[in-house]
Amino acid sequence: SSPDSDGCTPELEKAGLLNKTKIAEGGRKLRKNWSPSWVVLVGNSLVFFKDPKSQTPSSWKPGNSRPESSVDLRGAQLHWANDLSSKKNVFKLRTVTGNEFLLQSETDSLIIEWYKTIQSVIDRLDRE
Ligand code: I3S
C-alpha cells in the first residue's frame with residue numbers, strides 16, 4: 001500500500017523558490033516588501049518559509065525550518081496581477097480573510113505551473 005493509504009497525511013503538491021510580498025492584511029493595505037521565499041503547497045495550504053539560501057549553514061537547523069506564515073486556500077482567489085508591479089510574472093492571491101500576497105518569478109514556465117497548481121487546489125476546495 002502507499003505511504004498515505006489512510007489519506008491522513010496531506011499531499012505535497014509543489015515546492016520552490018518565489019519572490020513574495022504581502023500587500024494587505026485583513027483588507028488593510030500594507031507597504032510592499034519583496035523577498036525570496038521558499039513556498040510549499042501542501043494539502044489545503046500554501047506555506048511560506050525563509051529562503052534557505054539566505055541563511056548561513058549554522059542557522060539552517062531544524063528549529064529554524066518552522067514556517068514564517070501559512071495561507072488557507074479554501075475560498076481564496078487567484079489573479080494575474082502584472083498591473084500591480086513593475087516586475088513580470090506576478091500573480092495575486094487573496095484569502096477569505098482579506099490577506100493579499102503577490103508572488104513572482106523571472107521564469108515564465110515556473111510561474112505558470114505555480115498558478116495552475118494553486119488554482120487547481122482552490123477549484124478542488126470549491127467543489128467540496
Ligand atoms: O507598488 P509600489 O509602491 O511602486 O512598489 C514598490 C515599492 O514597494 C518599492 O519600495 P519602497 O517602499 O522603498 O518604495 C519596492 O522596492 C518595489 O519593489 C515596489 O515595486 P514593484 O514594482 O517591484 O512591485
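Above this text you will find the structure in question.
**Notes on helix H1 (residues 108-127)**
Because each turn of an α-helix spans 3.6 residues, side chains separated by three or four positions in sequence point in the same direction.
Point 1. When the terminal C-alpha atoms of H1 are compared, their 29 Å separation across 20 residues agrees well with the 28 Å that a helix rising 1.5 Å per residue should span.
Point 2. If you check which residues of H1 are buried, you get Ile111, Trp114, Tyr115, Thr117, Ile118, Val121, Ile122 and Leu125.
Point 3. Buried residues along H1 sit in contact with strand E1 (12-25), strand E3 (35-42), strand E4 (45-50), strand E6 (77-80), strand E7 (90-94) and strand E8 (100-104).

**A closer look at the pattern of salt bridges**
Point 1. Overall, the coordinates contain 8 salt bridges when judged by the stated rule.
Point 2. Close ionic contact of Lys88 with Asp108 constitutes a salt bridge, the shortest N to O distance being 3.2 Å. With Lys88 in the loop between E6 and E7 and Asp108 in helix H1, the pair connects residues that are 20 residues apart, well separated along the chain.
Point 3. Here Glu100 makes a salt bridge to Lys92, at a shortest N to O gap of 3.7 Å.

**Structural notes on the site of the ligand**
Point 1. The immediate surroundings of the ligand are formed by Arg31, Lys32, Trp34, Ser85, Ser86 and Lys87.
Point 2. Contacts to the ligand include Lys32, whose side-chain N or O atom sits 2.7 Å from an oxygen atom.
Point 3. One of the side-chain nitrogen or oxygen atoms of Ser85 is found 2.7 Å away from an oxygen atom of the ligand.
Point 4. Burial of the ligand by the protein chains amounts to 46% of its free accessible area of 510 Å².

Reading the values: rules and limits
Residues numbered from 1 in each chain as written. Predicted model: local features only at pLDDT ≥ 70, side-chain atom pairs only at ≥ 80, totals over all residues. Heavy atoms only, no water. Helix = DSSP H or I, 4+ residues; strand = E, 2+ residues; numbered from the N terminus. Expected span 1.5 Å × (residues − 1). Buried < 20%, exposed > 50% of the residue type's maximum accessible area, 1.4 Å probe, protein only. Contact = heavy atoms within 4.5 Å. Salt bridge = Lys/Arg side-chain N within 4 Å of Asp/Glu carboxyl O. Near = heavy atom within 4 Å. Polar contact = N/O pair within 3.5 Å; in protein donor to acceptor, adjacent residues only side chain to side chain. Areas by Shrake-Rupley, 256 points an atom, 1.4 Å probe, with all protein chains shown as cover.

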